[in-house]
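# Observations on the three-dimensional arrangement
Spelled out from the first residue to the last, the chains are:
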Amino acid sequence: MLTVDQVEKSYGGAGRLSRRGKKVLQNISFVVEEDEVLGIIGESGSGKSTLGRLLLGIEKPDKGTLHFDDRDIAARAGRRRISAVFQDYTSSIHPYYTVEKALAEPLKLYGWKDGDIGLRIDFLLRQVGLDSSYRSKYPHELSGGEAQRVCIARAISTEPKCIVLDEAVSSLDASVQFQVLELLKELKASYGISYIFITHDIQAAVYLCDRLMFIRSGQIEEIVSARQLTEVRSEYAAAMLDMALRLAGQGEASSAGGEQRKERIW
Amino acid sequence: MTIHRKMWSDKLTAISLTVIAMVAFLGICAPWFAPHSPEQVHMELRYASPSWQYLLGNDHLGRCVLSRLIYGIRPSVLWVLAALLVSLSFGGILGILAGYFRGKTDQMIMRVCDIMLSFPGYVMSLAVVGILGPGIQNILIAFVIMKWAWFARVIRTSVMQFAEADYVRFAKAIGVGNAVIIWKHILPVALPDIAVISSSAFGTMILQISGLSFLGLGIQAPHAEWGMMLNEARGVMFSRPELMLAPGLAIVIVVSAVNFCSDALQAALDPKLQKNTRKPLRGQGLFPAKPKGEEVA
Amino acid sequence: MRIWDHTTGKVVVYNSSFQVSQGRCLAIVGESGSGKSVTCRAIMRLNTFKMRQSGNIRLNGVDLAELSEADMRRHRGRHLCLIMQNGMRAFDPSSPVGSHFRDTLWQHYGWSRSQITSRMAKAMGSVRLQDPVALMNKYPHQLSGGMLQRMMIALAIVLEPTLIIADEPTSALDTLSQYEVMEQLIALRAETGCAMIFVSHDLSLVQRIADDIVVMRDGEILEHGTTADIFSGTRHEYTRHLLEAKQRLNRNFSNRMGGLQHVDR
């Protein structure tokens, strides 16, 4: 469904001495199938967010192509059925817009009739677990979790086939993070949307994704199925997973074998 | 609630707007409102105190202060405002383009700005006036040339921070056009910043005009202008301070009215600053205080 | 020696009191807006004017609330050290990080330039930062968030404070640096034997580092107990809810890592 082929991107050039000619992404190729969740995992500065922007057509690649359903993402028609949720919930909704207005914007753009938009907004809010009283709220009146739910509602409003989630849960509290992940799972189950989940949080990625793509300094290290994490080949991916496991509070166990590990799972 | 209704609902703003409107009206219709000719000299009335015939008294040449004040609106307020709008829109457009598109556009516009800004303001306007000859129009042209780069710089910085915001990115992602994004998503949010810098620029411009008039490059002598009136009254600052009062107060009132309006515009646009909104629900330290919490320093 | 810490009554934090003893680590857990950061800043007296506080905060018997501003400044850094959430914002962006260290250490200890550099270099070596002298000449934006955070820890090592307050030190970092920073914090405790207040919303991190846990919600302390107690048998619905969220992610992750035999779907 989504094909990324030999993509390369570098920043800088004019004036910016520090970043002149720096390659942020090179030789990126992968495919996302319909109804699949791909996790893109990398540290800050690995180029994962740049990749996200390329997928959304906000920036153009220097080389290579991105196709969605055999149409080039660079053209607007090509990315009509791709949507997005971003990280920073404090800036992800126009600060002067009410929730209603923010949700109406993409709908209007996609040619919905004014009469239908009202009903649609109610429906969308219900879908993400909010009620109609949120329609008249401004972004600063929402908590992080609520704001992110509104963003998800906005993302699904145009019936996309694929949503790019750029660190969509990273700045949320652990408990809220989980609720949002659950919500994403439910939505996927009921609409069959595929996600591209860009994150540094391996645990969240493993929870949500079918496949994981590890990216480091602009290059793909490995793509692995989330069901076969024990079979990672690249050192980097293994190190990342190990680190995450230790963070999860089961560090010592990872080298000591399965039985002990099972006991330590709280 | 529409923006202008919100602004009218605040008393101070309503007063400020009325003041500005009245001043503009007075200035435009000066010949009908001024009780006397502003340039008519009455040597026998030099430094006369206010009387029923001359409500604000007479200046060092016996001219009617009130009439001069009213005629002075034209160069001091209306023309300055016009010059401000021209340089603001020029600088604003370039600043927004530079801040939004970044990259090469930004580089080019900013280098030009840097060159413009590297000339000291007064020297630049002296040069322009020197080339074009003295007179109010030429000073205004000099102002436009001088100020736009500064506006462009400041507005670019303000726009840049919003252009990076996630809601703008989302709009780009779903395919909203650049023009619409700038108009709907960036301009309203950057407007408060723009309003603040332009209202402060307004004050300085009035004073700069008077400075240039003082050098004999601005308004030519008999014509009335607020800054020049201040200058003329300066000589008798200690013996007849009230002569300074009229133009001084006029400047203060107009500048503060403009300032209040820019504040009010910000408050009207930004839902966070509205008094009548519901209590914010979340955020650092925004919990409604429970009565049991003891408040002691 | 005993450190005694006691806050009572605030606009956003109500009648909360807790204590940290020498060498122990207390974790304050809660969701955003629960008042944990405000509590920390209250201890440091870094809250804005709008926030008022009452009650007493005592450090080694000294009531911090009654110290003058100048004394307090001396106390911060020397006895209290704050490790902030965002390394980028914690350092002055217009000067190299080294000069920040110099200012701080000179202020508190009056050491000479070379003394400071050598001590800092040693401390930075111990938080596994290579080439400390070069790093100290860099500006904050040239360094990664994890590095800055570790430099802040290095500074804490040199300062040898009695109490370190770490306010969400890892939330802004990615997994790899998160891990490293956590390791260094644990090492820091072992090295200096100082007390620590660790603020976080992530319970799995808390489990690694803390001896005691305080659970906060809407400005109130819901629960207070040792880490083992809270994790094994919490009495509160809310704590359970917090635990549950992270546990399920962890369990899922560990299952996947444990191989196919554990996968539940």
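Model, not experiment: these values are computed from the prediction.

All right, on to the UniProt feature "transmembrane region" (unreviewed entry) in chain B then. Residues and elements named next belong to chain B. The positions UniProt marks with the feature "transmembrane region" (unreviewed entry) are residues 12-34, 77-101, 122-150, 194-219 and 244-269. The span residues 77-101 is 100% helical and 0% strand by assignment, and the distance between its end C-alpha atoms comes to 35 Å. Helix makes up 100% of residues 244-269 and strand 0%, with an end-to-end C-alpha separation of 38 Å.

Interfaces are frequently sized by the accessible area removed from exposure as the parts join. The interface of chain A with chain B comprises 34 residues on the first partner and 24 residues on the second. When residues of chain A are sorted by the area they lose upon contact with chain B, Tyr96, His140 and Glu141 of chain A head the list and together hold 25% of the total. Inspection of the chain A/chain B interface yields one salt bridge. The set of elements that each furnish at least two residues to the side of chain A that touches chain B consists of strand S6 (82-85), helix H2 (99-109) and helix H4 (144-156) of chain A. Per-class residue counts for the side of chain A that touches chain B are 15 nonpolar, nine polar and 10 charged.

Glancing now at the pairing of strand S3 (residues 37-41) of chain A. Residues and elements named next belong to chain A. Most of S3 is tucked away, with five of its five residues classed as buried. Judged by which residues are buried, S3 turns out to be covered on both faces: Val37, Gly39 and Ile41 on one side and Leu38 and Ile40 on the other are all buried. Pairing between S3 and strand S8 (residues 194-199): five bridges, direction parallel. Note on S8: the bridge partner recorded for Leu38 is Ile196.

Here we come to the interface of chain C and chain A. Counting residues at the interface gives 37 residues for chain C and 38 residues for chain A. Across the interface of chain C and chain A, roughly 3,900 Å² is buried in total on both sides, 60% from carbon and sulfur atoms. Linking chain C with chain A are zero salt bridges, by the criterion used here. One can count zero residue pairs in polar contact (both at pLDDT 80 or more) joining chain C with chain A. Among the elements of the structure, helix H8 (175-192), helix H9 (203-209) and helix H11 (237-257) of chain C are those that each provide at least two residues to the side of chain C that touches chain A. Along the lines of polarity and charge, the residues of the side of chain C that touches chain A split into 13 nonpolar, 15 polar and nine charged.

Moving on, we get to a nonpolar patch on the surface. A cluster of nonpolar side chains, namely Phe25, Trp32 and Phe33 of chain B, defines an oily patch on the protein surface of about 410 Å² accessible area. Checked against the element boundaries, Phe33 of chain B lands in helix H3 (residues 30-33).

Let us look at helix H5 (residues 174-191) of chain A. The end-to-end C-alpha distance of H5 of chain A, which contains 18 residues, comes to 26 Å, matching closely the 26 Å that a straight helix rising 1.5 Å per residue would cover. Buried within H5 of chain A we find Ala174, Ser175, Val176, Gln177, Phe178, Val180, Leu181, Leu183, Leu184, Leu187 and Lys188 of chain A.

Detailed reading of the predicted model is not advised wherever pLDDT is low. Residues and elements named next belong to chain A. The predicted model of chain A averages 83 in pLDDT, with 89% of residues at 70 or higher. Averaged over each element, pLDDT in chain A is lowest for helix H9 (residues 258-264) (35) and highest for S3 (93). Taken together, the stretch residues 14-19 has pLDDT below 50 and engages in six contacts with residues farther than four places along the chain or on a different chain. The model gives residues 251-266 a pLDDT under 50, and that stretch makes 28 contacts with residues more than four places away or in other chains.

Thresholds, definitions, all that
Residues numbered from 1 in each chain as written. Chains lettered and ligands numbered in written order. Predicted model: local features only at pLDDT ≥ 70, side-chain atom pairs only at ≥ 80, totals over all residues. Heavy atoms only, no water. UniProt positions renumbered as here; feature names shortened; annotations may be inferred. Helix = DSSP H or I, 4+ residues; strand = E, 2+ residues; numbered from the N terminus. Contact = heavy atoms within 4.5 Å. Buried area = accessible area lost by both parts, 1.4 Å probe. Salt bridge = Lys/Arg side-chain N within 4 Å of Asp/Glu carboxyl O. Nonpolar A, V, L, I, M, F, W, Y, C, P; charged D, E, K, R; others polar. Buried < 20%, exposed > 50% of the residue type's maximum accessible area, 1.4 Å probe, protein only. Pairing = 2+ DSSP bridges. Polar contact = N/O pair within 3.5 Å; in protein donor to acceptor, adjacent residues only side chain to side chain. Patch = residues over 30% accessible without salt bridge, like charges linked within 9 Å, V, L, I, M, F, W, Y side chains within 5 Å. Areas by Shrake-Rupley, 256 points an atom, 1.4 Å probe, with all protein chains shown as cover. Expected span 1.5 Å × (residues − 1). pLDDT = per-residue confidence, 0-100.

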